[in-house]
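Take a look at the letters that make up each chain.
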Amino acid sequence: MTPREDLAAAQAALVAALVAGGPTPAGFDPIRVAAAARALMGKRAGEVARAWPSLAAVHGARWMAVFAEWARDRPARGARLDGWDFARAHRDSLPPAAALELLMWEAAWRQSGDGAPRRRHFSTSTAPGGVLVRMFGRSRLIPLRSRP
Amino acid sequence: MAAEAVGVAVGDLDLGVGIGWRPDIAGFVAGLPGLRFAEVVAESVNAGHPPEGLLALRDRGVTVVPHGVRLSLGGAEPVDPQRVAHLAGCADLLGAPLVSEHVAFVRAGGVEAGHLLPVPRTRAALAALTDNIARTCAELPVPLALEPIAALFDWPDAEYDEADFLTELLERTDAMLLLDVANVYANARNRGEDPLALLDRLPLERIAYVHVAGGAEHEGLYHDTHTDPVPAEVLALVKELYARHRPPGLLLERDGRYPPAGELRDELDALAAASGLPRVT
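S.K.: Looking at this structure, how should I read the pattern of salt bridges?
M.R.: Pairing between side chains becomes possible if they bear opposite charge and their charged atoms approach one another. This structure, assessed with the given rule, holds 26 salt bridges over all chains. Note that Glu47(A) is salt-bridged to Lys43(A), the shortest N-O span being 3.9 Å. With Glu47(A) and Lys43(A) both in helix H2 (residues 30-51) and four residues apart, this pair spans about one turn of that helix. Residue Glu47(A) is classed as partly exposed on the basis of its relative accessible area, which comes to 30%. A salt bridge links Arg70(B) to Glu112(B); its shortest N-O distance comes to 3.4 Å.

This is the structure in structure tokens:
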């Protein structure tokens, strides 16, 4: 291998150790690398919490630990997509505020074949107490009253 | 010749105390009466729909420097031309006299690290950095300043010490230096070294501007969090730096857990006091 290829392999091994649960590469201080891996996961969890505040709020002070456990072997896709994946994985157990956050997101975005989100122009979905309608880039909850 | 050109560029900069512009504190930044210098994370700018607050700063004559964080200049693979074009576009949009990026890599093997990672201090890494910086500078309308990062660990088998590595890199690339005093402090503290020993060996005359940020200790290690207050030790290091050399700009980076406006103002005033630069509050 050329020095450049060696460098590429060494960098990939380090990234794998830091964010994908890989072994600490030879010669590195495993305690320091583990501390850096925890710091990176904390940063990632914090970014997801900013993008999905209601979702994170469900877990309060335990958000970091809960997200870290789920995300440990899932490479980061960016805060908005990580939050979407986490929310979808827990769809059946989400309390109302987090469920509404997921609903609002999915009214505006759909998953395309390549895994990237695509913006929806029009969508309707049932929501607690009404129908969520998305048109012209805006989402609106239309309340439905049950007939007496 | 090359060093002379860099000297002229640094000498032309007139910045003062500044602050990193973030949407969360846009109102605070807009309300700083003496502000002449700010910075924006380049990757956060949508060139088609730039934030109005940023354009307002530009229009009132504030120098706004685009600060890249995702170029991965220290990666073994060639820098992505689209990312370079975005950084260049930000410089044009903001009329910036320079842009900045890091001596770091952020992805490898197709995996994003989500943060700035240190490069090994080896000839191979120096060559990769030099190539990527040359590719980048060829597309930039303005000079580039390079920022050494904070890291919790070091690579094994270093072929250079930090000062020699950075000095060699700046000479090869003709780049300016963005010195982050908090990073110098964090690395020295976590390695058990004297931060002044590094300051005294860096080419301080190449500094375009200086970063300062807060941090906190966890599990015996100092983390450069950008979400905590600036420690007194970092302010003391700013004072030591400005006693040796007077870089044109000194900028506070805060990236979350924003304190009340009064506390941010006090931090900016403390930077002015430590450097002897005019207050901007």
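S.K.: So what exactly am I meant to see when it comes to the nonpolar core here?
M.R.: Nonpolar side chains in soluble globular proteins tend to end up buried together. Ranked by internal contacts, the top residues of the largest apolar core, which has 97 residues, are Leu18(A), Ile19(B), Leu146(B) and Leu241(B). Not counting residues up to four positions away in its chain, the partners in contact with Ile19(B) are Ile25(B), Phe28(B), Val29(B), Leu32(B), Leu35(B), Phe37(B), Ala38(B), Glu39(B), Leu251(B), Leu252(B) and Leu268(B).

S.K.: Please clarify how the interface of chain B and chain A should be interpreted in this entry.
M.R.: Many structure descriptions define interface size as the accessible area lost when the parts assemble. On the side of chain A, 22 residues touch chain B, which itself brings 28 residues to the contact. Carbon and sulfur atoms make up 68% of the area that chain B and chain A hide from each other, which totals about 2,200 Å². Inspection of the region where chain B meets chain A yields two salt bridges. Glu219(B) is the partner of Arg38(A) in a salt bridge, and the nearest nitrogen-oxygen pair spans 3.0 Å. Our count for the contact surface shared by chain B and chain A stands at eight residue pairs in polar contact (both at pLDDT 80 or more). Among the secondary structure elements, those contributing two or more residues to the side of chain B that touches chain A are strand S5 (105-108), strand S6 (111-117), helix H5 (123-139) and strand S11 (221-223) of chain B. Grouping the amino acids of the side of chain B that touches chain A by side-chain chemistry returns 17 nonpolar, seven polar and four charged.

Cut-off values and rules
- Residues numbered from 1 in each chain as written.
- Chains lettered and ligands numbered in written order.
- Predicted model: local features only at pLDDT ≥ 70, side-chain atom pairs only at ≥ 80, totals over all residues.
- Heavy atoms only, no water.
- Salt bridge = Lys/Arg side-chain N within 4 Å of Asp/Glu carboxyl O.
- Helix = DSSP H or I, 4+ residues; strand = E, 2+ residues; numbered from the N terminus.
- Buried < 20%, exposed > 50% of the residue type's maximum accessible area, 1.4 Å probe, protein only.
- Core = buried A, V, L, I, M, F, W, Y, C linked by side-chain atoms within 4.5 Å.
- Contact = heavy atoms within 4.5 Å.
- Buried area = accessible area lost by both parts, 1.4 Å probe.
- Polar contact = N/O pair within 3.5 Å; in protein donor to acceptor, adjacent residues only side chain to side chain.
- Nonpolar A, V, L, I, M, F, W, Y, C, P; charged D, E, K, R; others polar.

Honestly, it's all geometry; don't read function into it.
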